[in-house]
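# Coordinates in review
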Amino acid sequence: MNRLRAAFAALLLLIGLAAQPAVAAWVDYTPEAFSAAQAEGKTILVDVSASWCPTCRAQKPILDELAADPAMEGVLFVRLDFDQHKDFLREHRVPRQSTIIVFEGANEVNRSVAETDRDRLRDFVLLAAGR
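Treat the numbers as computed from the prediction; the structure is a model and nothing was measured. (Residues numbered from 1 in each chain as written. Predicted model: local features only at pLDDT ≥ 70, side-chain atom pairs only at ≥ 80, totals over all residues. Heavy atoms only, no water.)

### Things to note about the confidence of the model for the protein chain
Confidence along the protein chain averages 85 in pLDDT terms, with 82% of residues attaining 70 or more. Overall, residues 4–23 carries pLDDT values under 50, and its contacts beyond four positions in sequence, including any with other chains, amount to seven contacts. (pLDDT = per-residue confidence, 0-100. Contact = heavy atoms within 4.5 Å.)

### Topic: the side chain of Thr99
Tracing the chain through its elements places Thr99 in strand E4 (residues 99–104). Those residues in contact with Thr99, other than ones at most four positions away along the chain, are Val46, Asp47, Val48, Val94, Arg111, Ser112 and Val113. (Helix = DSSP H or I, 4+ residues; strand = E, 2+ residues; numbered from the N terminus.)

### Here we look at unusual backbone geometry
Its identity is not glycine, yet Ser98 carries a phi of approximately 65°, on the positive side. With respect to the helices and strands, the residue Ser98 is situated in the loop between helix H4 (86–91) and E4.

### Digging into the nonpolar core
Grouped together as the largest cluster of nonpolar side chains are 18 residues, with contacts concentrated most on Ile44, Val46, Val48 and Phe88. Secondary-structure elements contributing two or more residues to this core are helix H2 (31–39), strand E2 (43–49), strand E3 (75–81), H4 and E4. Setting aside its immediate chain neighbours within four residues, Ile44 contacts Phe34, Ala37, Gln38, Leu76, Val78, Ile101, Val102, Phe103 and Gly105. Counting residues in each nonpolar core, the second largest holds 16 residues, with Leu45, Leu63, Met72 and Val75 among its members. (Core = buried A, V, L, I, M, F, W, Y, C linked by side-chain atoms within 4.5 Å. Buried < 20%, exposed > 50% of the residue type's maximum accessible area, 1.4 Å probe, protein only.)

### Points about the pattern of salt bridges
Overall, the coordinates contain nine salt bridges when judged by the stated rule. Arg122 is the partner of Asp69 in a salt bridge, and the nearest nitrogen-oxygen pair spans 2.5 Å. Of this pair, Asp69 sits in the loop between helix H3 (54–67) and E3 while Arg122 is found in helix H5 (residues 118–128), placing the two residues 53 residues apart along the sequence. Salt-bridge contacts for Glu108 lead to Arg111; the nearest nitrogen and oxygen are separated by 2.8 Å. (Salt bridge = Lys/Arg side-chain N within 4 Å of Asp/Glu carboxyl O.)

### Comments concerning the pairing of E2
Across the seven residues of E2, seven count as buried, placing the element largely inside the fold. Side-chain alternation along E2 places Thr43, Leu45, Asp47 and Ser49 on one buried face and Ile44, Val46 and Val48 on a second face that is also buried. By the bridge criterion, seven bridges tie E2 to E3 in an arrangement that is parallel. Its bridge partner being in E3, Ile44 is matched across the sheet by Leu76. Regarding topology, H3 serves as the crossover connection from E2 to the parallel E3, and that connection is right-handed. Of the strand pairs in this sheet, E2 and E4 are connected by six bridges, and their pairing is antiparallel. By the bridge assignment for E4, Leu45 is matched with Val102. (Pairing = 2+ DSSP bridges. Right-handed = clockwise from strand over helix to strand, strands pointing away.)

In structure tokens, the structure reads:
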């Protein structure tokens, strides 16, 4: 009887999880995946960060919270390493780490640099992503 209850509880949990809206997940930057997402017209948030950057470390939990927010459903969250992807940095004129850029397809719609205030960063992302 306990097995039956456990199986039933697990089934209810799976049904509940399936009914929840999908939330965004972080992906690592690749030129191919980024270009494909732009061609599909997706909303893309690019976090240009560096492991050694204290501002980036302050931004990370705020951005992670936003990526998990159901309001961000359909937004592609991309992490780009400042020290590795110099072509992207040149093409999009990104002079420093801790830069967050929001794209609608191929068009940049907004950017933020070095913002660590939770409310201002959250408002920026939600507004820039049209949420």
